[in-house]
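# Tertiary structure, described
What follows is the residue order along each chain.
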Amino acid sequence: MESLGSSVKKKATERHHKAEVLIAGEQLRLRLHDSKLIKDRRYHLRTYPNCFVAKELTDWLIEHKEAPERETAIRLMQELMAHNIVHHVCDKHSEYKDAKLLYRFRKDDGTFPLDKNVKVFMRGQSLYESLISAEDSIMKVREESSIQYQRTFPGCELIDWLGQNGETSSRKEAVELCRTLLEHGIIQHVTLRHHFFDSNLLYHFRINFRRRRRLTELLGEILRPVQEDPDSPFCLRKLNPETDSTSFLSVQPNKEIKAPLSAVRRSSATSLSGGGPGGYFNSPPGLVECNPKSGGVWFALSIVFPACLHRM
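All of these numbers come straight from a predicted model, not from anything done at the bench.

Rules and cut-offs
Numbers given to residues run from 1 along each chain, matching the order in which its sequence is written. Under the rules for a predicted model, residues below a pLDDT of 70 receive no local features and side-chain atom pairs below 80 are neither given nor counted, while totals for whole chains, interfaces and linings still include all residues. Side-chain metrics rest on all non-hydrogen atoms present in the structure, leaving aside hydrogens and water. Helix numbering and strand numbering both begin at the N terminus, where a helix is a DSSP run of H or I of at least 4 residues and a strand a DSSP run of E of at least 2. Three exposure classes are used, based on accessible area relative to the maximum for each residue type with a 1.4 Å probe and protein chains only: buried under 20%, partly exposed in between, and exposed over 50%. Note on contacts: a residue pair qualifies if any of its non-hydrogen atoms lie within 4.5 Å across the two residues. Here, Shrake-Rupley sampling with a 1.4 Å probe gives the accessible areas, and only protein chains in the shown set may cover a residue. Helix axes use the C-alpha atoms of the stretch in contact, all axes being lines fitted to C-alpha atoms, and the angles between their N-to-C directions lie in the range 0 to 180 degrees. When an angle is under 35 degrees it counts as roughly parallel; over 145 it counts as roughly antiparallel; between 65 and 115 it counts as roughly perpendicular; any other value is oblique. Three classes are used: nonpolar for Ala, Val, Leu, Ile, Met, Phe, Trp, Tyr, Cys and Pro, charged for Asp, Glu, Lys and Arg, and polar for all others, with Gly counted as polar. Strand pairing is defined by DSSP finding a minimum of two bridges between the two strands. Of all possible arcs, the one meant is that of the directions from the helix axis to the C-beta atoms. Salt bridges are identified by distance alone: a Lys or Arg side-chain nitrogen within 4 Å of an Asp or Glu carboxyl oxygen. Expected span of a helix: the number of residues minus one, times 1.5 Å. Confidence of the predictor in every single residue is expressed as pLDDT, which spans 0 to 100. Here a polar contact is taken to be a pair of N or O atoms separated by no more than 3.5 Å, where protein atoms must pair a possible hydrogen donor with a possible acceptor and residues adjacent in sequence count only if both atoms sit in side chains.

Right, let's get into the overall build of the chain. Scanning the chain for helices and strands turns up 9 helices and 10 strands. Within the span of the chain, comprising 312 residues, buried residues form 49% of the whole. In the chain, of all internal contacts separated by at least 6 residues, the share reaching a separation of at least 24 is 62%. In the structure as shown, the chain presents an accessible area of about 15,800 Å², 49% of it carried by carbon and sulfur atoms.

It is worth spelling out the packing of helix α1 (residues 6-34) against helix α2 (residues 54-63) at this point. At a closest axis distance of 13 Å, the pairing of α1 and α2 adopts a crossing angle of 100°. As the angle between them shows, α1 and α2 are arranged roughly perpendicular. On the side of α1, the interface is formed by Leu28, Arg31 and Leu32, while α2 contributes Leu57, Trp60 and Leu61. By residue class, the composition of the contact of α1 with α2 is 5 nonpolar, no polar and 1 charged.

Quick look at the pairing of strand β6 (residues 147-154) now. Most of β6 sits out of view: 6 of its 8 residues are buried. The pairing of β6 with strand β8 (residues 202-205) spans 3 bridges and is antiparallel. Residue Phe153 lies in a different strand from β8, and its bridge partner there is Tyr203.

Turning our attention to the sheet that holds strand β1 (residues 39-43). Read across the sheet, 4 strands follow the order β1-β2-β4-β3 without closing on themselves; strand pairing throughout is antiparallel. Single-partner strands in this sheet number two, and they are β1 and β3 (86-88). Neighbouring strand axes in the sheet, compared pairwise and without regard to direction, differ in orientation by 55° on average. Across the sheet, α2 is in contact with β1, β2 (46-53) and β4 (102-105); its angle to β2 comes to roughly 25°.

Taken together, the buried positions of α2 are occupied by Ala54, Leu57, Thr58, Trp60 and Leu61. One side of α2 carries all its buried residues, which in axial view fall inside an arc of 160°. In this fold, the buried residues of α2 make contact with α1, β2, α3 (70-82) and β4. Just beyond α2, the residue with positive phi is Lys65, at close to 65°.

This model, assessed by the stated rule, comprises 17 salt bridges. Taking the shortest distance from any N to any O, the salt bridge between Arg31 and Glu66 comes out at 2.6 Å. Residue Arg31 is located in helix α1, and its partner Glu66 is located in the loop between α2 and α3; the two are separated by 35 residues in the primary sequence. For Arg31, a relative accessible area of 17% corresponds to the buried category. With a closest N to O distance of 3.1 Å, Glu217 and Arg211 form a salt bridge. When its relative accessible area of 37% is taken as the criterion, Glu217 is described as partly exposed. Overall, Arg211 belongs to the buried group, its relative accessible area being 16%. Look at the salt bridges and you will find they share partners, linking Glu20, Arg211, Arg213 and Glu217 into a network.

Its 29 residues place the ends of α1 42 Å apart at the C-alpha level, agreeing with the 42 Å of an ideal helix rising 1.5 Å per residue. Trailing α1 by a residue or two, Lys36 shows a phi angle of about 65°, which is positive.

With that settled, consider the environment of His93. Here His93 is to be found in the loop between β3 and β4. Along the chain, His93 and Tyr103 lie 10 residues apart, while their C-alpha atoms are 9.4 Å from each other. If we ignore the near neighbours within four places in the chain, the residues touching His93 are Met81, His88, Leu101 and Tyr103.

Here we take up the confidence of the model for the chain. Of all residues in the chain, 70% attain a pLDDT of 70 or more, and the chain-wide mean is 78. Within the model, pLDDT remains below 50 along residues 221-311, and this stretch shows 172 contacts once partners closer than five positions in the same chain are excluded.

Mapped onto the elements, Arg104 comes out in strand β4. Accessibility expressed as a relative area gives 4% for Arg104, which makes it buried. A polar contact of 3.4 Å, which involves the side chain of Arg104, links it to the side chain of Asp109. When neighbours within four sequence positions are excluded, Arg104 is seen to be in contact with Tyr48, Pro49, Asn50, Cys51, Phe52, Ile85, Val86, His87, Val89 and Asp109.

Turning to the sheet that holds β8, a few remarks are in order. On the basis of which strands lie adjacent, the open sheet formed by 4 strands has the order β5-β6-β8-β7 and antiparallel pairing. Single-partner strands in this sheet number two, and they are β5 (140-144) and β7 (187-189). For this sheet, the mean inter-axis angle between neighbouring strands, taken without regard to orientation, is 60°. Sheet topology note: the β5/β6 ladder contains 4 bridges and is antiparallel. Pairing of Glu143 across the sheet is with Gln148, part of β6. Helix-sheet contacts for helix α4 (residues 116-133) involve β6 and β8, and the interaxial angle to β8 is about 105°. Strands in contact with helix α5 (residues 155-164) are β5, β6 and β8; relative to β6, the strand with the most contacts, it is inclined by about 30°.

If you want it as structure tokens, here you go:
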């Protein structure tokens, strides 16, 4: 059976970091809307919708313990700019400056680049939410090599599920989708030894889409091998590692982000499906007078995709 090559692991780790930045950025955007830090602002007789003042945001990050000092806050926001999540409202500054300058999340003006990597990420999140919310979910505690893992699924069961739920039209298409998800750091073999196969090998999601991110996580090394955190909801720990006991303790999941009530109230069936004029990425970039939350929660929580994203 094909083992997972180092080049595939390296690319998956890079794409996994990109996904973590997207999630952290969207969680921050929602918090800033909820805190009213993002709003319409006037400058030189012109109104700039849904933007924030850099200096105010730096203060907010420090006040809310997201950064220990201004230098770290600047580095965090520069990371978001480097991933095309945030930009200067007139694109006159390519760097994030701790000054009275206006910046905006690209998600709020429809200019976020929807490339292949983002589409794969969004498809992966959609599948994650569907699988974890199912009554009789295939994501269960299972054992491999005398170690138990939470929320795992055999490859063949995931292929069955994709076909039964209309996600793919054939087993071949389902396998190709799952291999793409693995190569983008969305799912992985529990011991990182194998690529994806339509077999009884165990896999799980590498990303917990619901976990609340600390922004300082973005400053870790991109290519550092991913070690499962002791508090990860995807692992089980032995109660007494020193003994021969085979009992395991299910660790508590990290705090999960919740949708702001205002976002739920303002969302509509049309905007959530992405099918109407209120859906994101359908409006021309120049039309920025939009409800920032009309699309509902995008990266951080469950979403429903436009038809164009359903098949990749």
